[in-house]
Amino acid sequence: MALLLTFLVAGLLSAVSCQQKCLRGNHHKPLPSAEPDLMECTLYSESSCCRRNLTEKLSHSLTELDNFYWNRCGNLSKSCEDYLKKIECFYQCSPSVAHWAHPNISVAIQRVPLCQSFCDNWYNACRSDMWCAYNWLTDWTFDDTGNHCKNICIPFHEMYANGIDVCQHMWGNSFAVSSSPCRCLDMTETDRNVMKYILEGDDKSEESGEEEACKPRLHRSQEPDDKQVND
């Protein structure tokens, strides 16, 4: 019995330790911990993979981060910039991001499930901004002065067909649009409630609990788009 208990405790500790880790990017901490003074990305202040100094830069109107420029076609509208910051905050700060770590690239993620409503709102927020790269990971030329457009700048709504196109191609295969309104992330506080259902995959045994955890998200999805953009 004692041996069984030892194995159970060891298994529990192992599971917790597997969940409590960060990616290996330039700004990631080894393990997530509380960061009560974040100036941006406050969604992750209770358990964060980033430090305050990164969020201080993100808290201002952002044109460049790590020699990567967001404004090669002119400064972004605030609504569009806010969505790019949500993605940057998730990548840099979320304690859950390592669940989708790329198996071969330690700083990369793949197929993080995003809610279609989030993607649609992202598309609407940026639709009038100017864009020159379809895939922001590859469709640039790079030199010592950062990233540069390979192609001419065109309106965002001409670069991407819709929100699904944005989420599934702007950052390569980093994100995927979920077919479920609950088993997905929308970069709000409801992500904490639905994370366990995302990780359970297709198990429907707790469907009623999933629906309960998702109620705030489902309610918000019925509100006007401008409220969601300003969340």
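(A) Main features of the nonpolar core. Core analysis: the biggest nonpolar cluster contains 55 residues, and Phe90, Phe118, Trp122, Trp131, Trp136, Tyr160 and Met170 have the highest contact counts within it. Not counting chain neighbours up to four residues away, the residues in contact with methionine 170 comprise Leu84, Trp122, Trp131, Tyr134, Asn135, Trp136, Leu137, Tyr160 and Asp165.

(B) Quick look at the packing of aromatic side chains. Within this structure, the stated rule accounts for 13 aromatic pairs. Look at phenylalanine 90 and phenylalanine 175: their rings are 6.4 Å apart centre to centre, the planes differ by 50°, and that puts the pair in the tilted class. Of this pair, phenylalanine 90 sits in helix 3 (residues 78-93) while phenylalanine 175 sits in strand 8 (residues 175-177), and the two are 85 residues apart along the sequence. With respect to burial, phenylalanine 90 and phenylalanine 175 carry one shared label: buried. Seen in terms of ring centroids, tyrosine 134 and tyrosine 160 are 5.2 Å apart; in terms of plane orientation they differ by 25°. Their pairing is stacked. Of this pair, tyrosine 134 sits in the loop between strand 4 (130-131) and strand 5 (140-143) while tyrosine 160 sits in the loop between helix 5 (156-159) and helix 6 (163-169); the two residues are 26 residues apart in sequence, bridging distant segments of the chain. Overall, the relative accessible area of 28% leaves tyrosine 134 in the partly exposed class. The exposure class of tyrosine 160 is buried, given its relative accessible area of 1%.

(C) Region of the structure containing helix 3. The first and last C-alpha atoms of helix 3 sit 21 Å apart over 16 residues, in line with the 22 Å expected at 1.5 Å per residue. Buried residues dominate helix 3, accounting for 14 of its 16 residues.

(D) Broad picture of the packing of helix 3 against helix 4 (residues 116-126). Relative orientation of the contacting elements helix 3 and helix 4 amounts to 140°, with a least axis distance of 7 Å. Classified by the angle their axes make, helix 3 and helix 4 are oblique. In this structure, the crossing between helix 3 and helix 4 has a hand that is left-handed. Residue-level contacts link Ser79, Cys80, Tyr83, Leu84, Lys86 and Ile87 of helix 3 to Phe118, Asn121, Trp122, Ala125 and Cys126 of helix 4. Broken down by class, the residue content of the contact of helix 3 with helix 4 amounts to eight nonpolar, two polar and one charged.

(E) Representation of the pairing of strand 6 (residues 146-149) in the model. Where strand 5 meets strand 6, four bridges bridge the pair, whose relative direction is antiparallel. Counted as the bridge partner of phenylalanine 142 is asparagine 147 from strand 6.

(F) Highlighting the pattern of salt bridges. According to the stated counting rule, one finds six salt bridges in the structure shown. Glutamate 35 is the salt-bridge partner of lysine 29, the closest N and O atoms lying 2.9 Å from each other. For the pair lysine 29 and glutamate 35, one class covers both residues: buried.

Here is what the cut-offs are and how they apply
- Starting from 1, residues in each chain are numbered consecutively following that chain's sequence as written.
- In view of the model being predicted, local features appear only for residues whose pLDDT reaches at least 70, and side-chain atom pairs are presented and counted only at 80 or more, with totals across whole chains, interfaces and linings using the full set of residues.
- Note that water and hydrogens are dropped before the side-chain values are worked out from all heavy atoms of the structure.
- For our purposes a nonpolar core is just a set of buried Ala, Val, Leu, Ile, Met, Phe, Trp, Tyr and Cys residues, chained together by side-chain atoms within 4.5 Å.
- For each residue, the accessible area found with a 1.4 Å probe, counting protein chains only, is set against the maximum for its type, and the residue is called buried under 20%, exposed over 50%, and partly exposed in between.
- By definition, residues are in contact when any of their heavy atoms lie within 4.5 Å.
- Geometry of aromatic contacts follows a simple scheme: Phe, Tyr and Trp rings, the Trp one being its six-membered ring, pair when their centres are within 6.5 Å, and the pair is stacked under 30 degrees between planes, edge-to-face over 60, tilted otherwise.
- The numbering of helices and of strands both runs from the N terminus, where a helix is a DSSP run of H or I of at least 4 residues and a strand a run of E of at least 2.
- How far a helix is expected to stretch is found by multiplying one less than its residue total by 1.5 Å.
- Angles here are taken between N-to-C directions and fall from 0 to 180 degrees, while the axes themselves are lines fitted to C-alpha atoms, restricted in helices to the stretch in contact.
- When describing relative orientation, an angle under 35 degrees is termed roughly parallel and one over 145 degrees roughly antiparallel, while 65 to 115 degrees is termed roughly perpendicular and anything else oblique.
- Crossings are classed by handedness, with left-handed meaning an anticlockwise turn of the near helix from the far one by less than a right angle and right-handed meaning a clockwise turn.
- We call Asp, Glu, Lys and Arg charged. Ala, Val, Leu, Ile, Met, Phe, Trp, Tyr, Cys and Pro are nonpolar, and the rest, Gly among them, are polar.
- Pairing between two strands is assigned when DSSP locates at least 2 bridges connecting them.
- Salt bridges are counted wherever a side-chain nitrogen of Lys or Arg sits within 4 Å of a carboxyl oxygen of Asp or Glu.

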